[in-house]
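The chain contents come next:
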Amino acid sequence: MTEQPGLFDLPPPPTPPSAPRSGRGHTRETWPRTVTAVDRRALRDEALRRLEDGIVIGEFADDDPDLTDPREDVAQSCAAAVQWCLEPTEGLWPLLEAGAVRIDQVELAATDEEPGRVRASWTVTVRITDAHAARELARTVCPAGDDAARAEIDAGFAAAWNRAADPHAPMHRIPGIRWTPDDVDVTHLVRRRPIQDAE
């Protein structure tokens, strides 16, 4: 026999919805942006070129069994090739030069999904140092007379960031690939102040 509610049983009170954040963006707030893209072709030659031309910090130790030569990684994995070619901060330089944001953290991941197909994702976390400058930069790239876009920029920092810095810029300069954008998120991270001990 199933349990039936009694005649005078009251349903649990509804949980009040939390007030949504305006997303307007203020100085000293921290925001990450995540973009996922799919690479459909191997870029091993380009990755090897960048390995040869790039600045390498540290040295590859032949006697360390836990380390593999990056050239071998690139030869065996398209994902490794994409990681050597992709620069997550590409496209953010106008915001950095304007003093609008500073970069706090960069994360990059790439995985082989099937032969010749890679899923790459990255997160760039920035701290807003001048929200007004970020919005002004975003407005300069808006088409003239696009009042709806300007209203979005004024209403939320996510729109300002996506206008001022193309979220797919890291994929544009990688030659020889076809890619499909999957997702772009801008999230407000609330920074909690540490509790100071009472003296």
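My aim in this report is to walk through the structure given alongside it, one point at a time. (Residues numbered from 1 in each chain as written. Predicted model: local features only at pLDDT ≥ 70, side-chain atom pairs only at ≥ 80, totals over all residues. Heavy atoms only, no water.)

## Describing the environment of Leu-95
Its location among the elements puts Leu-95 in helix H4 (residues 93-97). Taking relative accessible area as the criterion, Leu-95 reaches 1% and is therefore assigned buried. With 39 residues separating them along the chain, Leu-95 and Ala-134 place their C-alpha atoms 6.4 Å apart. For Leu-95, the contacting residues outside a window of four places in its chain are Ala-100, Val-101, Ala-134, Leu-137, Trp-161, Ala-164 and Ala-165. (Helix = DSSP H or I, 4+ residues; strand = E, 2+ residues; numbered from the N terminus. Buried < 20%, exposed > 50% of the residue type's maximum accessible area, 1.4 Å probe, protein only. Contact = heavy atoms within 4.5 Å.)

## Points about the pairing of strand E2 (residues 101-114)
Strand direction decides the pairing type here: E2 and strand E3 (residues 117-128), joined by 12 bridges, are antiparallel. The partner of Asp-112 across the bridge, within E3, is Val-118. Between E2 and E3, which follow one another and run antiparallel, lie 2 residues, and Gly-116 among them has a positive phi close to 80°. (Pairing = 2+ DSSP bridges.)

## Some remarks on helix H1 (residues 44-53)
Of all the residues in H1, the buried ones are Glu-46, Ala-47 and Leu-51. Relative to the axis of H1, the buried residues are bounded by an arc of 140° and lie together on one face. Residues of H1 that are exposed and point over 90 degrees away from its buried face: Asp-45, Glu-52 and Asp-53. Where H1 is buried, its residues meet helix H2 (70-76) and helix H3 (78-85). (Arc of directions from axis to C-beta.)

## Regarding the nonpolar core
Formed by 39 residues in total, the largest nonpolar core has its most connected members in Leu-86, Leu-95, Trp-122, Phe-157, Trp-161 and Ile-174. Of all the secondary structure elements, the ones that give two or more residues to this core are strand E1 (30-39), H1, H3, E2, E3, helix H5 (131-140), helix H6 (147-155) and helix H7 (157-164). Broken down by element, this core gets its largest block of residues, 6 residues, from E3. Beyond its immediate sequence surroundings of up to four residues, Leu-86 is in contact with Leu-108, Ala-120, Trp-122, Pro-170, Met-171 and Ile-174. (Core = buried A, V, L, I, M, F, W, Y, C linked by side-chain atoms within 4.5 Å.)

## Details of the pattern of salt bridges
The final tally for this structure, using the stated rule, is 13 salt bridges. Between Asp-53 and Arg-49 there is a salt bridge whose closest N-O contact spans 3.0 Å. Of the two residues, Asp-53 and Arg-49 are both situated in helix H1; the distance of 4 residues between them amounts to about one turn of the helix. Exposure remark for Asp-53: the relative accessible area of 55% places this residue in the exposed category. Asp-104 serves as the salt-bridge partner of Arg-127, at 2.9 Å between the closest nitrogen and oxygen. Here Asp-104 lies in strand E2 and Arg-127 lies in strand E3, a separation of 23 residues in the sequence. Using a relative accessible area of 12% as the deciding quantity, one classes Arg-127 as buried. Among the ionic contacts, a cluster of salt bridges with common partners joins Glu-46, Arg-49, Arg-50 and Asp-53. (Salt bridge = Lys/Arg side-chain N within 4 Å of Asp/Glu carboxyl O.)

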